[in-house]
Amino acid sequence: MAKFIFVTGGVVSSIGKGISAASIGRLLRNRGFTVAPMKLDPYINVDAGTMNPFQHGEVFVTEDGAETDLDLGHYERFMDVNCSSGSSLTTGKVYSSVIAAERKGDYLGATVQVIPHVTNEIKNRILSLAKEQEADIVIAEIGGTVGDIESLPFLEAIRQMRTDLGPDNTLYVHVTLVPTVGPWSEVKTKPTQHSVIKLREIGISPDVLVCRTDVELPSDVRGKISLFCGVPPEAVIESRNAATIYEVPLMYDEAGLGEYIMGRLRTESRQGSLGEWRSLVETLKNPRKECRIAVVGKYTSNGDAYKSIEESLIHAGIPNDCRVQIQWIESDSLEHGIPPEEFLKDVDALVVAPGFGGRGIEGKIEAIAYAREKGLPFLGICLGLQMAVIEYARNVCGLVGANSEEMMENPPYPVIHLLPEQKHVQEKGATMRLGSYDCNLVNGTLAHNLYGTNRITERHRHRYEVNNDFREKLQEHGMTISGVSPDYRLVEMIEVATHPFFIATQAHPEFKSRPNRPHPLFTGLVAAAVNRRVSASAAV
Ligand code: GLN
């Protein structure tokens, strides 16, 4: 039977609960366990697909096409596992099921209530994930902060699970903030104490406290936290800001968290060491090379909106022994008549990010034109591919006014148009072309060379595609269609062979990159960026 670790957060939001859960997962994976991560989100949206990235950050897409919270991205990257739609549970999903069951008559005669109907639904979903993924251990993170009204049914459900399964099979980890105040940076434990009191009011006593702090916690402070919160001193884990998030599992391990969890769950490590992880962290911290890559997007003011792209670029630095510095560029800012070289002259490569709607697209097209003409390495992702095709159609094929049907009605040359299967779709939730699809790569292309295979699988999230009526025209003018769906209907990848590195994909490669398995498109881009930097400095 599976064991369950529940991760809650206290004091303030955004203290890295997701990274904590993911890091615990890494420690367990290294000890040979099959781990299934899960996020329980208290919002009423059924999934994150309809949320604005400005507010909520990136929408992460799983292999099976679920549009989820970005924390699932952290889980996949740290634990090197694939999540599924069952890995993400929202209040919206829970209530949809409970209400549908009530209408069907499943609860005939009963008054349907939060306890037990809603809490049972939550518990069943957690237990089903353990079964579906044949997990030894499920790590379930509860979104929000203890004390929020919305998260109460989730907290009640996990409280009941201790009674159902016993203390050897359940563990509560509470991630909390230990701030410093005043001119002498005095460490304050009171917010943590209050947060634990809040948790206890609900009936949960934490087993482990992960204390986010800027400073080393003196032993008397740890003792105080232990005493007031009823957690043994060895389970008060200091969690300082790390040079890279990938160092956090190493810090937890040194603090003894892995072994403590083993003891508490009455289980034993099966194998493994953190050696490989340690060495990638070492490269991340002390690389020998450096490059600067611009990412043009329309939500760059939210640091989380392109999380997976950011992490993929960082991962790609590892095999290249290179620190990748990212320069975020808001696409609108390229639209005010300032020439693109003002933004791009100091960068070694360009990524054009995914997106929806017309705002900022002309800026993206400007940036792509600059990269194409100047030989600047370029990777276009999803909307980035569509914009690269529009740029090529306009500026190389001479199709003046070429555009996407998403951006304007009846463009003179609709080089990007709606996927045929989308024509009758009315609802917005979970109706895009979503999740994993196969793609065949053409021999001898850059894509084929980078992936090292003819058949790839990537995750998708789009409604529009390259219009096949323009395939020939684009190819006649030198664009290579290097990846197509197995039925040849859909253009998946394009490139320009005369350019040092110009490639775009309709998919989202960023969702599959892991620090221990960086994605070939990003690795190739960073290698091209490093080359460009080296040749530029040789030319000086
Ligand atoms: N808006 C485009 C489409 O729906 C691109 C989507 C994306 O970049 N994820 O096809």
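Just above, that's the structure.
Because the structure is a prediction, the values reported are computed rather than measured.

What counts, and at which threshold
- Residues numbered from 1 in each chain as written.
- Predicted model: local features only at pLDDT ≥ 70, side-chain atom pairs only at ≥ 80, totals over all residues.
- Heavy atoms only, no water.
- Helix = DSSP H or I, 4+ residues; strand = E, 2+ residues; numbered from the N terminus.
- Rg over C-alpha atoms; globule rule 2.2 N^0.38 Å.
- Buried < 20%, exposed > 50% of the residue type's maximum accessible area, 1.4 Å probe, protein only.
- Contact = heavy atoms within 4.5 Å.
- Patch = residues over 30% accessible without salt bridge, like charges linked within 9 Å, V, L, I, M, F, W, Y side chains within 5 Å.
- Areas by Shrake-Rupley, 256 points an atom, 1.4 Å probe, with all protein chains shown as cover.
- Salt bridge = Lys/Arg side-chain N within 4 Å of Asp/Glu carboxyl O.
- Near = heavy atom within 4 Å.
- Polar contact = N/O pair within 3.5 Å; in protein donor to acceptor, adjacent residues only side chain to side chain.
- Disulfide = S-S within 2.5 Å.
- Expected span 1.5 Å × (residues − 1).
- Pairing = 2+ DSSP bridges.
- Axes fitted to C-alpha atoms, helices over the stretch in contact; angles between N-to-C directions.
- Right-handed = clockwise from strand over helix to strand, strands pointing away.
- Core = buried A, V, L, I, M, F, W, Y, C linked by side-chain atoms within 4.5 Å.
- Phe/Tyr/Trp six-rings, centres within 6.5 Å; stacked < 30°, edge-to-face > 60°.
- Lys NZ or Arg CZ within 6 Å of the ring centre and 35° of its normal.

Considerations on the overall build of the protein
Move 1: A tally of regular secondary structure across the protein gives 18 helices and 23 strands.
Move 2: Relative to the 2.2 N^0.38 estimate, which gives 24 Å for 540 residues, the radius of gyration of the protein is 25 Å and therefore close to what a compact globule would have.
Move 3: Judged by the C-alpha coordinates and their principal axes, the protein covers about 70 × 65 × 45 Å.
Move 4: For the protein, the proportion of its 540 residues judged to be buried stands at 58%.
Move 5: Look at the contacts in the protein between residues 6 or more apart in sequence, and 74% of them connect residues 24 or more apart.

Describing a nonpolar patch on the surface
Move 1: The grouping of Tyr95, Ile99, Val114 and Ile115 at the surface amounts to a nonpolar patch, some 340 Å² of accessible area in total.
Move 2: Put simply, the parts of the chain that give the nonpolar patch at least two residues each are helix H4 (91–104) and helix H5 (114–132).
Move 3: Secondary-structure assignment places Val114 in helix H5.
Move 4: The partly exposed category is assigned to Val114, whose relative accessible area is 37%.

Thoughts on the site of the ligand
Move 1: The ligand sits among Pro354, Gly355, Phe356, Cys382, Leu383, Gln386, Glu406, Arg461, His462, Arg463, Tyr464 and His508.
Move 2: A distance of 3.0 Å is found between an oxygen atom of the ligand and a backbone nitrogen or oxygen belonging to Leu383.
Move 3: Here a nitrogen atom of the ligand and a side-chain polar atom of His508 are 3.2 Å apart.
Move 4: When the ligand sits alone it has 300 Å² of accessible area, and the protein chains cover 99% of it.
Move 5: Residue assignment for the shell around the ligand shows that the elements contributing at least two residues are helix H15 (383–395) and strand S19 (455–462).

Side note on the state of the cysteines
Move 1: Under the definition given, this model contains zero disulfides.
Move 2: The structure places no disulfide on Cys439, whose sulfur is separated from the nearest cysteine sulfur, that of Cys382, by 13 Å.
Move 3: Residue classification places Cys439 among the buried residues on the basis of a relative accessible area of 3%.

Some details on the pattern of salt bridges
Move 1: Taken as a whole and assessed by the stated rule, the structure comprises 40 salt bridges.
Move 2: Across the pair Glu310 and Lys307 runs a salt bridge whose closest N-O atoms are separated by 3.3 Å. With Glu310 and Lys307 both in helix H12 (residues 307–317), this residue pair falls three residues apart, about one helical turn.
Move 3: For Lys307, a relative accessible area of 13% puts it in the buried group.
Move 4: Between Arg372 and Glu373 there is a salt bridge, with the nearest N and O atoms lying 3.8 Å from each other.
Move 5: We classify Glu373 as exposed; its relative accessible area is 55%.
Move 6: Salt bridges linked by common partners bring Glu63, Glu76, Asp80, Arg459, Lys512, Arg514 and Arg517 together as one network.

Comments concerning the side chain of Ser513
Move 1: Mapped onto the secondary structure, Ser513 falls in the loop between strand S23 (502–505) and helix H18 (520–539).
Move 2: A residue is classified by how much of its surface remains accessible, and Ser513, at 1% relative accessible area, is buried.
Move 3: A distance of 2.7 Å separates polar atoms of two side chains, one belonging to Ser513 and the other to His315.
Move 4: With residues near it in sequence (within four places) discarded, Ser513 still touches Arg77, Ser312, His315, Pro518 and His519.

Section: helix H1 (residues 17–30)
Move 1: The terminal C-alpha atoms of H1, which comprises 14 residues, lie 20 Å apart, in line with the 20 Å expected from a rise of 1.5 Å per residue.
Move 2: Among the 14 residues that make up H1, 13 are buried, leaving the element largely enclosed by the rest of the structure.
Move 3: Immediately downstream of H1, the backbone of Gly32 shows phi near 90°, a positive value.

As for the sheet that holds strand S10 (residues 208–213)
Move 1: Overall, parallel pairing links the seven strands, which are arranged S5-S2-S6-S1-S7-S10-S11 in an open sheet. Looking at which strands have only one partner, the edges of the open sheet turn out to be strand S5 (88–90) and strand S11 (236–240). The sheet shows a mean angle of 20° between the axes of neighbouring strands, direction not considered.
Move 2: Sheet contacts for helix H3 (residues 71–79): strand S2 (35–41), S5 and strand S6 (137–142); angle to S2, the most-contacted strand, approximately 165°.

Comments concerning the pairing of strand S13 (residues 322–330)
Move 1: As judged from the nine bridges shared by strand S12 (residues 289–297) and S13, these two strands associate in the parallel manner. Bridging from a neighbouring strand, Arg292 pairs with Gln325 of S13.
Move 2: Since S12 and S13 lie parallel, the crossover through H12 that links them has a hand, and here it is right-handed.

Some thoughts on the nonpolar core
Move 1: Ranked by size, the top nonpolar core spans 55 residues in total, and within it Ile5, Ile24, Leu28, Ile139, Val208 and Ile261 carry the most contacts.
Move 2: Among the elements that make up this core, the one with the highest residue count is H1 (six residues).
Move 3: Discounting chain neighbours no more than four positions away, the residues touching Ile24 are Ile5, Ile139, Val173, Tyr252, Leu257 and Ile261.
Move 4: Ranked by size, the runner-up nonpolar core spans 44 residues in total, among them Ile365, Ile368, Cys397 and Tyr464.

Some points on the packing of aromatic side chains
Move 1: Inspection of the entire model under this criterion finds 11 aromatic pairs.
Move 2: On the basis of an interplanar angle of 10° and a centroid distance of 6.4 Å, the ring pair of Phe4 and Phe6 is categorised as stacked. The same class applies to Phe4 and to Phe6, which are both buried.
Move 3: Members of the aromatic cluster, joined through ring pairs, are Phe54, Tyr299, Tyr306 and Trp328.
Move 4: Across the ring face of Tyr437, the terminal group of Arg433 is positioned such that the distance to the ring centre comes to 4.0 Å.

Describing the sheet that holds strand S15 (residues 378–381)
Strand pairing in a sheet is mediated by backbone hydrogen bonds. Such pairs are either parallel or antiparallel.
Move 1: Across the sheet, nine strands lie side by side as S13-S12-S14-S15-S23-S22-S21-S18-S19; this open sheet has mixed pairing. Whereas interior strands pair on both sides, the edge strands pair on one side only; in this sheet they are S13 and S19. Recorded for the sheet is a direction-independent mean angle of 25° between the axes of neighbouring strands.
Move 2: One ladder, built from four bridges, connects S15 with S23; its direction is parallel. Along S23, the bridge assignment pairs Gly380 with Ala504.
Move 3: Where H12 meets the sheet, it contacts S12, S13, strand S14 (349–352) and S15, and its direction lies at approximately 155° from that of S13.
Move 4: Strands S12, S14, S15 and S23 of the sheet are contacted by helix H14 (residues 361–374), whose axis makes an angle of about 150° with S14.

What about unusual backbone geometry?
Move 1: Look at the link from Ile115 to Pro116: it is a cis peptide, with omega at 15°.
Move 2: Residue position: Pro116 is located in helix H5.
Move 3: With phi around 45°, Glu134 is a residue other than glycine that occupies positive phi space.
Move 4: Within the secondary structure, Glu134 is located in the loop between H5 and S6.
Move 5: According to the relative accessible area criterion, Glu134 is exposed, its value standing at 66%.
Move 6: Non-glycine residue Asp321 carries a positive phi angle of around 50°.

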